[in-house]
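Structural description and commentary
Listed below, chain by chain, are the residues.
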Amino acid sequence: MPTTKQISWIKGAVFVAALIPLARMAYLTLTGQLVDPLEFITRGTGDWTLYFLTITLAVTPLRKLSGWNWLIKLRRMVGLYTFFYGFLHFMTFLWFDHFFDLAEMWKDVLKRPFITVGFIAFVLLIPLALTSTNGMIKRLGGKRWQWLHRLIYVIAPLALLHFWWMKAGKHNFNQPILFIVIIGSLLLMRVWWATRKSLSAAN
């Protein structure tokens, strides 16, 4: 078990490391090294949203399997980075695709199913980000806070569907299938543990 100081250093390292993808996108864009900067930023922010979502879902299984209970201290930060990159992904869509024209953006959301599910997933992330503080946990109460944050189990399939449809346009299914297997496994672990707990309580 790391000491409090070591955990602080780990959290600091994770915080900085999570900004590296954004720094890379900004650097390549500003130095003119990209053929299509908009495409690169849109895909990059979307991909990293899914990466951080996957890492967030992996924290609890890894903690249970390894016994490293201190990992739970990283989950909030990683979850907030999921929202952060999701927000950047959405703002790229709103700014560069629609120049902040909300009416046109809304038409696009309703017209194109893969954008619809991505938009819903992003909207569902907002209450999770807003209630991530200790103060909100106390205000909502532990049980209500836990129920609210189970929205992640709705967000994950929506994000996967958004990713699948986006890649399907280019007939590239390798990444979507990989993420479906990984995230599906992480969710099935939770179902398994919850079932075992219910059976133990019944006995």
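First things first, this report covers the structure right here in the doc. Counting restarts for each chain, with residues numbered from 1 along the sequence as it is written. Reporting of local features is limited, given that this is a predicted model, to residues whose pLDDT is at least 70; pairs of side-chain atoms are given and counted only at 80 or more, and all residues count toward the totals for whole chains, interfaces and linings. The side-chain numbers reported here are obtained from all heavy atoms of the structure, hydrogens and water having been left aside.

1. A look at the overall build of the protein
Per the secondary structure count, the protein includes ten helices and zero strands. Taken along its principal axes, the extent of the C-alpha atoms in the protein is 60 × 40 × 40 Å. The burial tally for the protein puts 35% of its 203 residues in the buried class. Of the contacts made within the protein by residues no fewer than 6 positions apart, 64% connect residues no fewer than 24 positions apart. Within the structure as shown, the protein displays about 12,700 Å² of accessible surface, and the carbon and sulfur contribution to it stands at 69%. Looking at charge distribution, the protein has the averaged site of its 22 positive side-chain charges lying 26 Å from that of its 7 negative ones. A helix here means a DSSP run of H or I that spans at least four residues, while a strand means a run of E at least two residues long, and both kinds are numbered starting from the N terminus. Working definition: with a 1.4 Å probe on protein chains only, accessible area under 20% of the residue-type maximum means buried, over 50% means exposed, and in between means partly exposed. Residues are treated as being in contact if the distance between any of their heavy atoms lies within 4.5 Å. Only the protein chains shown count as covering a residue, and every accessible area follows the Shrake-Rupley method with a 1.4 Å probe. As used throughout, the charge tally considers Lys and Arg to be positive and Asp and Glu to be negative, leaving His and the chain termini uncounted. The location of each charge is read from NZ of Lys, CZ of Arg, CG of Asp or CD of Glu.

2. Notes on the pattern of salt bridges
Side chains carrying opposite charge are able to pair once their charged atoms draw close together. The term salt bridge refers to a side-chain nitrogen of Lys or Arg lying within 4 Å of a carboxyl oxygen of Asp or Glu. Applying the stated rule across the entire model yields three salt bridges. For E39, the salt bridge identified is with R43, shortest N-O distance 3.1 Å. Linking E39 with R43, this pair stays in helix α3 (residues 37-66), spanning four residues, or about one helical turn. E39 sits in the partly exposed class, given a relative accessible area of 28%. As a salt-bridge pair, D108 and R112 come within 3.1 Å of each other at their nearest N and O atoms. Taking the relative accessible area as the measure of exposure, D108 reaches 12% and is therefore buried.

3. Side note on the packing of aromatic side chains
In this analysis, rings of Phe, Tyr and Trp, with Trp reduced to its six-membered ring, are considered paired at centre separations within 6.5 Å, and the interplanar angle assigns stacked below 30 degrees, edge-to-face beyond 60, and tilted for intermediate values. Applying the stated criterion to the full structure yields 19 aromatic pairs. When the centroid spacing of 4.8 Å and the interplanar angle of 90 degrees are considered together, the rings of W48 and Y51 count as edge-to-face. Of this pair, W48 and Y51 both sit in helix α3, three residues apart, which is roughly one turn of the helix. Take W48: its relative accessible area is 30%, and that puts it in the partly exposed class. For the ring pair F52 and Y85, a centre distance of 5.4 Å and an interplane angle of 15 degrees mean the geometry is stacked. Residue F52 is found in helix α3, and its partner Y85 is found in helix α4 (residues 72-97); the two are separated by 33 residues along the sequence. Accessibility expressed as a relative area gives 6% for F52, which makes it buried. Grouped by ring-pair contacts, the aromatic residues F15, W48, Y51, F52, Y81, F84, Y85, F163 and F179 constitute a single cluster.

4. Things to note about the packing of helix α2 (residues 20-30) against α3
Between N-to-C directions, angles span 0 to 180 degrees; the directions come from axes that are lines fitted to C-alpha atoms, helices contributing only their stretch in contact. Contact geometry for α2 and α3: axes closest at 11 Å, N-to-C directions at 175 degrees. Classified by the angle their axes make, α2 and α3 are roughly antiparallel. Facing α2, whose interface residues are P21, R24, M25, L28 and T29, α3 presents P37, F40, I41, G44, T45 and W48. Its residues assigned to classes, the contact of α2 with α3 comprises seven nonpolar, three polar and one charged. Any angle between 65 and 115 degrees counts as roughly perpendicular, while under 35 counts as roughly parallel, over 145 as roughly antiparallel, and the rest as oblique. Put simply, Ala, Val, Leu, Ile, Met, Phe, Trp, Tyr, Cys and Pro go in the nonpolar bin, Asp, Glu, Lys and Arg in the charged bin, and everything else, Gly too, in the polar bin.

5. Some words on the packing of α2 against α4
For the pair α2 and α4, interaxial distance at closest approach is 11 Å and the crossing angle is 25 degrees. With respect to α4, the element α2 is oriented roughly parallel. Across from P21, L22 and M25 in α2, the residues of α4 making contact are F84, Y85 and L88. Split by residue class, the contact of α2 with α4 holds six nonpolar, no polar and no charged.

6. Here we look at the side chain of S132
Position of S132 relative to the elements: it lies in the loop between α6 (113-130) and α7 (134-140). Residue class for S132 comes out buried when judged on its relative accessible area of 10%. In terms of polar contacts, S132 uses its side chain to reach the backbone carbonyl oxygen of A129, at 2.9 Å. In contact with S132, other than residues within four places in its own chain, are R76 and L80. By the criterion applied in these results, polar contacts are pairs of N or O atoms within 3.5 Å in which, for protein atoms, one can donate a hydrogen and the other can accept it, and in which residues neighboring in sequence qualify only through two side-chain atoms.

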